Amino acid sequence: MMKYWLMKSEPDAFSIDHLKAMPRKTDHWDGIRNYQARNFMRDQMAKGDLAFFYHSNCETPGIVGIMEIVSKSAYPDHTAFDAKEKYFDPKSTPENPRWIMVDVKFKKKLKKTVTLQEIKAQKKLADMRLVQRGNRLSILPVSSSEWNFILKMAGEL
DNA sequence: GCCAACGTTGGC
DNA sequence: GCCAACGTTGGC
């Protein structure tokens with residue numbers, strides 16, 4: 001059963017246009033250093049799942065596009081092993097990796113960005129984890145009804 | 001840049 | 001195992 005996700009990235013660091021410009025429009029989603037987000041990737045994410053690409057910490061936060069999980073499973077995040085990397089974690093080693101990542105492929109940009117402001121204004125989306133108090137998780141599950149509702153808001157359905 | 005709301009760390 | 005101090009996220 002295909003599942004839906006929302007994955008946050010700061011567009012200054014890595015935007016949907018960066019993903020689109022990658023070879024085969026595919027990249028690994030590295031840098032996740034939160035256990036809950038990691039566990040979603042490890043335990044629930046599967047090849048073929050779809051995810052919203054969310055731009056966070058920017059002028060207009062919101063959902064800008066769709067990508068697909070294309071790695072068979074999550075696998076060790078090598079950026080945690082490298083002391084020169086921003087998200088280096090000495091407690092994660094190749095022998096015993098603490099952090100993992102998946103590969104994602106660009107599918108499309110939404111016809112219209114669905115902004116956080118618009119999402120917050122929708123009563124039907126009040127239960128989304130994205131808009132709940134203090135939620136800072138960078139990977140979140142999205143229900144199929146929420147997914148379809150947002151696609152409609154984007155003029156995609 | 002501010003700061004609320006987290007999550008993590010580490011002393012005890 | 002508690003909890004204060006600290007670090008981070010991310011909207012504004």
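Residues numbered from 1 in each chain as written. Chains lettered and ligands numbered in written order. Predicted model: local features only at pLDDT ≥ 70, side-chain atom pairs only at ≥ 80, totals over all residues. Heavy atoms only, no water.

Novice: Looking at this structure, how should I read the protein's contact with DNA strand B?
Specialist: Around DNA strand B lies a shell formed by Tyr35, Lys91, Arg133, Gly134 and Arg136. Considering DNA strand B, the proportion of its atoms within 4 Å of the protein that are sugar or phosphate atoms stands at 69%. The separation between a phosphate oxygen of DNA strand B and a polar side-chain atom of Arg133 is 3.1 Å. Side-chain polar atom of Arg136 to a base oxygen of DNA strand B: 2.6 Å apart, as the coordinates give it. (Near = heavy atom within 4 Å. Polar contact = N/O pair within 3.5 Å; in protein donor to acceptor, adjacent residues only side chain to side chain.)

Novice: Whenever I open this one, the nonpolar core confuses me. Can you help?
Specialist: One broad trend across soluble globular proteins is that nonpolar side chains are buried collectively. Grouped together as the largest cluster of nonpolar side chains are 43 residues, with contacts concentrated most on Leu6, Met7, Trp29, Phe52, Ile63 and Ile139. Look past the residues within four positions of Phe52 in its chain and what remains in contact with it is Trp5, Leu6, Met7, Ile63, Gly65, Ile66, Met67, Val142, Trp147, Ile150 and Leu151. (Core = buried A, V, L, I, M, F, W, Y, C linked by side-chain atoms within 4.5 Å. Buried < 20%, exposed > 50% of the residue type's maximum accessible area, 1.4 Å probe, protein only. Contact = heavy atoms within 4.5 Å.)

Novice: Quick question: what am I supposed to make of helix α2 (residues 35-44) here?
Specialist: One turn of the α-helix equals 3.6 residues, which is why residues spaced by three or four share an orientation. For α2, the full list of buried residues reads Ala37, Arg38, Phe40 and Met41. Buried residues of α2, viewed axially, fall in a sector of 155°; they line one side. Lining the buried residues of α2 we find β1 (4-9), β6 (100-101) and β8 (139-142). Capping of α2 at its N-terminal end is provided by Asn34; its side-chain oxygen lies 3.0 Å from the backbone amide nitrogen of Gln36. (Helix = DSSP H or I, 4+ residues; strand = E, 2+ residues; numbered from the N terminus. Arc of directions from axis to C-beta.)

Novice: I keep staring at the pattern of salt bridges and nothing clicks. Help me out?
Specialist: Any two side chains of opposite charge can pair, so long as their charged atoms come close to each other. Tallied over the full model, the rule gives 8 salt bridges. As a salt-bridge pair, Lys3 and Asp49 come within 3.7 Å of each other at their nearest N and O atoms. A residue pair is termed long-range when its members are at least 10 positions apart, and Lys3 in the segment before β1 and Asp49 in the loop between α2 and β3 (50-55) qualify at 46 residues. Owing to a relative accessible area of 2%, Asp49 belongs among the buried residues under this scheme. One salt bridge in this structure joins Asp82 and Lys84, with 3.8 Å as the shortest N-O distance. (Salt bridge = Lys/Arg side-chain N within 4 Å of Asp/Glu carboxyl O.)

Novice: What exactly am I supposed to notice about the side chain of Asp49 here?
Specialist: A distance of 3.0 Å separates a polar side-chain atom of Asp49 from the backbone nitrogen of Lys3. At 3.0 Å, the side chain of Asp49 and the side chain of Trp5 are in polar contact. The residues touching Asp49, leaving out its near neighbours within four places in the chain, are Met1, Met2, Lys3, Trp5, Gln44, Met67, Glu68 and Ile69.

Novice: Would you explain the layout of surface pockets in this entry?
Specialist: Where empty space is left can be seen by rolling a probe of water-molecule size over the atoms. Estimates place the volume of the largest pocket at around 710 Å³. What lines the largest pocket is a set of 22 residues, among which Lys8, Ser9, Asp30, Gly31 and Tyr87 lie closest to the centre. Sorting the residues of the lining of the largest pocket by element identifies β1 and β2 (26-28) as the ones contributing at least two each. When the residues that make up the lining of the largest pocket are grouped by side-chain class, the tally is 6 nonpolar, 8 polar and 8 charged. (1 Å grid on protein atoms, 1.4 Å probe; cavity = no way out; pocket = protein on both sides within 12 Å on 5 of 7 lines; lining within 4 Å. Points joined across faces, edges and corners; volume = space filled by probe spheres on them. Nonpolar A, V, L, I, M, F, W, Y, C, P; charged D, E, K, R; others polar.)

Distances and angles like these do not, on their own, reveal function.
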